[in-house]
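# Reading the structure
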Amino acid sequence: MARRPLVVGNWKMNGTLESARQLARDIAAGAGGVTAVGIVICPPHPLLGTVATEVDGSSVSLGAQTVSEFAQGAYTGETSASMLREIGCEFVIVGHSERRQLFGESSAAVAAKAQAAGAAGMVPIICVGEVLEDRQRGATIEVVTAQLGPFVANGALPSGAVIAYEPVWAIGTGETATPEQAQDVHAAIRGVLATIDPAVADATRILYGGSVKPDNARELFLMADVDGGLIGGASLKADEFLSICGATA
Ligand code: PGA
């Protein structure tokens, strides 16, 4: 079954109102009316409104970088899924390794965030990935399987959910998984999803992330189970990001 490729830019905690406006404008202009690949940009929360205005009516979609698992109430500093949806987000990244490692998000919390996103009508981009030590001891598949455990236990993924496989040792390091390493893990992830529902496994887009650049994107995207990318550093430059989007063709 054909899965439409997806490329997601994770801006992390970078940018100003002005630089975000310009970057979003350049990406929207460069993307033109492209439909062969889905393009999503995920600015920091305070810049979402500005970027929403810039991408409105373009083929570029808006996403956020995290969301609260709670619907509303006394959760100081948090942002609910319905707030993000209202401002124009169609996607939200959940469980990025920086959230897991620096802010202690558990796989259960990540699953709750994904459910909250789905309930508000957004598509969660659920991140999984092993640290170098896990890979060295041969535990990569075990780790990503455990990270997906709450979804398997629930017997469901939020509708249309996207998975992003990001080996932690490849994020921001300039070191990329080889296409074969990525394919092996992506196939294993699809196998885990098949235990929930084979049709869902077949339809789910699994993105690779970790030092994806214009010069290595195509070989990664050519792999059978790699359906696009989650891009950090290279998403902050419109020409590099657009070149990566073009590498899905
Ligand atoms: P990177 O980040 O492309 O800068 O390695 C990827 C990510 O953290 O999503």
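What counts as what
Residues numbered from 1 in each chain as written. Predicted model: local features only at pLDDT ≥ 70, side-chain atom pairs only at ≥ 80, totals over all residues. Heavy atoms only, no water. Helix = DSSP H or I, 4+ residues; strand = E, 2+ residues; numbered from the N terminus. Buried < 20%, exposed > 50% of the residue type's maximum accessible area, 1.4 Å probe, protein only. Areas by Shrake-Rupley, 256 points an atom, 1.4 Å probe, with all protein chains shown as cover. Lys, Arg positive; Asp, Glu negative; His and termini not counted. Charge placed at Lys NZ, Arg CZ, Asp CG, Glu CD. Near = heavy atom within 4 Å. Polar contact = N/O pair within 3.5 Å; in protein donor to acceptor, adjacent residues only side chain to side chain. Nonpolar A, V, L, I, M, F, W, Y, C, P; charged D, E, K, R; others polar. Phe/Tyr/Trp six-rings, centres within 6.5 Å; stacked < 30°, edge-to-face > 60°. Core = buried A, V, L, I, M, F, W, Y, C linked by side-chain atoms within 4.5 Å. Contact = heavy atoms within 4.5 Å. Patch = residues over 30% accessible without salt bridge, like charges linked within 9 Å, V, L, I, M, F, W, Y side chains within 5 Å. Salt bridge = Lys/Arg side-chain N within 4 Å of Asp/Glu carboxyl O.

### Quick notes on the overall build of the chain
Of regular secondary structure, the chain possesses 12 helices and 8 strands. Seen through its C-alpha atoms, the chain measures out along the principal axes to roughly 45 × 45 × 35 Å. Across the 249 residues in the chain, those meeting the buried criterion constitute 52%. Per element, the accessible surface of the chain, about 10,500 Å² overall, is 54% carbon and sulfur. Averaging the locations of the 16 positively and 26 negatively charged side chains of the chain gives two centres separated by 3 Å.

### Examining the site of the ligand
Neighbouring the ligand are 13 residues, the closest being Lys12, His96, Glu166, Gly172 and Ser211. One of the side-chain nitrogen or oxygen atoms of His96 is found 2.7 Å away from an oxygen atom of the ligand. The separation between an oxygen atom of the ligand and a polar main-chain atom of Gly232 is 2.9 Å. Protein chains bury 96% of the 280 Å² of accessible surface belonging to the ligand in isolation. Counted by class, the shell around the ligand contains 4 nonpolar, 7 polar and 2 charged residues.

### Some words on the packing of aromatic side chains
In this structure the tally under the stated criterion is 2 aromatic pairs. Ring centres 4.1 Å apart and planes at 5° place the aromatic pair Phe70 and Tyr75 in the stacked group. Assessed through its relative accessible area of 36%, Phe70 is described here as partly exposed.

### Topic: the nonpolar core
One recurring pattern in soluble globular proteins: nonpolar side chains tend to sit buried together. Core analysis: the largest hydrophobic core is formed by 63 residues, its most contacted members being Ile41, Ile126, Ile163, Ile189, Tyr208 and Phe221. Ignoring anything within four residues of it in the chain, the contact list for Phe221 reads Val7, Val212, Val226, Gly228, Gly229, Ile244, Ala247 and Thr248. Core analysis: the second largest hydrophobic core is formed by 13 residues, Val40, Val123, Ile125 and Leu207 among them.

### What to know about unusual backbone geometry
Even without being glycine, Lys12 reaches a positive phi, approximately 55°. Mapped onto the secondary structure, Lys12 falls in the loop between strand E1 (6-10) and helix H1 (17-31). Residues other than glycine seldom take positive phi values, yet Ser211 does so here, at roughly 55°. Assignment of secondary structure puts Ser211 in the loop between strand E7 (206-209) and helix H11 (217-221). Residue Ser211 is classed as buried on the basis of its relative accessible area of 10%.

### Considering the environment of Thr248
Relative to the helices and strands, Thr248 resides in the segment after helix H12 (238-246). By relative accessible area, Thr248 is classed as buried at 17%. Taking C-alpha positions, Thr248 is 20 Å from Ile171, a pair spaced 77 residues apart along the chain. Looking at Thr248, its side chain comes within polar contact range of the main-chain oxygen of Cys245, at 2.7 Å.

### Details of the environment of Ala234
Along the polypeptide, Ala234 turns up in the loop between strand E8 (228-231) and H12. Residue Ala234 is classed as buried on the basis of its relative accessible area of 1%. Every residue in contact with Ala234, bar those within four places of it in the chain, is listed here: Val212, Lys213, Glu240, Phe241 and Ile244.

### Observations regarding a negative patch on the surface
Side chains of Glu180, Asp184, Asp215 and Glu219 sit close together on the surface and give a patch of like negative charge. Of note, Glu219 is situated in helix H11. A relative accessible area of 44% places Glu219 in the partly exposed class.

Purely geometric numbers; function is a separate question.
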